[in-house]
Amino acid sequence: MTRTDQGFQDGLTLDLYSPKPRTLTVRQNLTPLPGQFVTGTTGEPFVALSNYSYVVKMNETANDLIAKIEIPYDVQMLNKLGIQEANTYVGKLAADKESWFVNDQTRNVRRLENLTRIIKMTSLDGEYMILG
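Throughout what follows, the structure given in this document is the object of discussion.

Criteria and cut-off values
- Residues numbered from 1 in each chain as written.
- Predicted model: local features only at pLDDT ≥ 70, side-chain atom pairs only at ≥ 80, totals over all residues.
- Heavy atoms only, no water.
- Helix = DSSP H or I, 4+ residues; strand = E, 2+ residues; numbered from the N terminus.
- Rg over C-alpha atoms; globule rule 2.2 N^0.38 Å.
- Buried < 20%, exposed > 50% of the residue type's maximum accessible area, 1.4 Å probe, protein only.
- Contact = heavy atoms within 4.5 Å.
- Phe/Tyr/Trp six-rings, centres within 6.5 Å; stacked < 30°, edge-to-face > 60°.
- Polar contact = N/O pair within 3.5 Å; in protein donor to acceptor, adjacent residues only side chain to side chain.
- Salt bridge = Lys/Arg side-chain N within 4 Å of Asp/Glu carboxyl O.
- Pairing = 2+ DSSP bridges.

Overview of the overall build of the protein
When its secondary structure is counted, the protein shows one helix and 11 strands. Helices (α) and strands (β) of the protein occur, in sequence order from the N terminus, as β-β-β-β-β-β-α-β-β-β-β-β. Scaling as 2.2 N^0.38, a compact globule of 132 residues should have a C-alpha radius of gyration of about 14 Å, and the protein matches this with 14 Å. In terms of overall dimensions, the protein has C-alpha extents of about 45 × 35 × 30 Å along its principal axes. The burial tally for the protein puts 41% of its 132 residues in the buried class. For the protein, long-range pairs separated by at least 24 residues make up 72% of all intrachain contacts whose partners lie at least 6 apart in sequence.

Below is the structure:
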């Protein structure tokens, strides 16, 4: 297993272990699905905490990874919106592309680093956005 830990200028971090070399591309989607369409959890209406999402694509289908994705949040923006850090999520665009899916089982918030992440992933292909 080879580890790749890639950080980007805006704070996005991808950390993965792969049994073989693969090519990974990441691009920003400047017109993502709005943040209020969320499945997988209950609670107050969700909002997007970023103006864009991330589209992650592997060069081949990869379901044998050990991976996590981390997206930073802005504490000042959270305070203005009345959102607690514990109520931040990384949503993954659902297969039908009509909602963001969040999973409390694989969510982790790192308050000291202002990061919310999805852990215990076996694949990274998909579109991701920070939600609150």
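Side note on the packing of aromatic side chains
For the coordinates displayed, the defined rule picks out two aromatic pairs. Between F46 and Y89, the aromatic rings sit 5.4 Å apart at their centres with planes inclined by 65 degrees, giving edge-to-face as the arrangement. With a gap of 43 residues between them, F46 in the loop between β4 (38-39) and β5 (53-58) and Y89 in strand β7 (residues 89-93) connect regions that are remote in the sequence. We classify F46 as buried; its relative accessible area is 8%. Residue classification places Y89 among the buried residues on the basis of a relative accessible area of 9%. Ring geometry for Y52 versus Y54: centroids 5.5 Å apart, planes at 85 degrees, classification edge-to-face. Take Y54: its relative accessible area is 5%, and that puts it in the buried class.

Focus on the environment of S99
With respect to the helices and strands, the residue S99 is situated in the loop between β7 and β8 (100-101). Along the primary structure S99 and D74 are separated by 25 residues, whereas in three dimensions their C-alpha atoms are 23 Å apart. Here S99 is in contact with L33, F37, V38, T39, K92, L93 and A94, once residues within four sequence places are set aside. A polar contact is formed between the side chain of S99 and the side chain of T39, at a distance of 3.2 Å.

With respect to the pattern of salt bridges
Here the structure, examined in full by the defined rule, presents 11 salt bridges. With a shortest N-O distance of 3.5 Å, R3 and D5 are connected by a salt bridge. According to the relative accessible area criterion, D5 is partly exposed, its value standing at 48%. The partner of K20 in a salt bridge is E60, and the shortest N-O contact between them spans 2.9 Å.

Digging into the pairing of β5
If a strand is regular, its side chains alternate between the two faces of the sheet. Burial analysis of β5 places five of its six residues in the buried class, the great majority of the element. Looking at chain direction, strand β3 (residues 24-29) and β5 are connected through six bridges and run antiparallel. From the neighbouring strand, R27 faces β5, where its bridge partner is V55. In this structure, β5 lies alongside strand β11 (residues 126-131), joined through three bridges in antiparallel fashion. Bridge pairing links V56 to G126 in β11.

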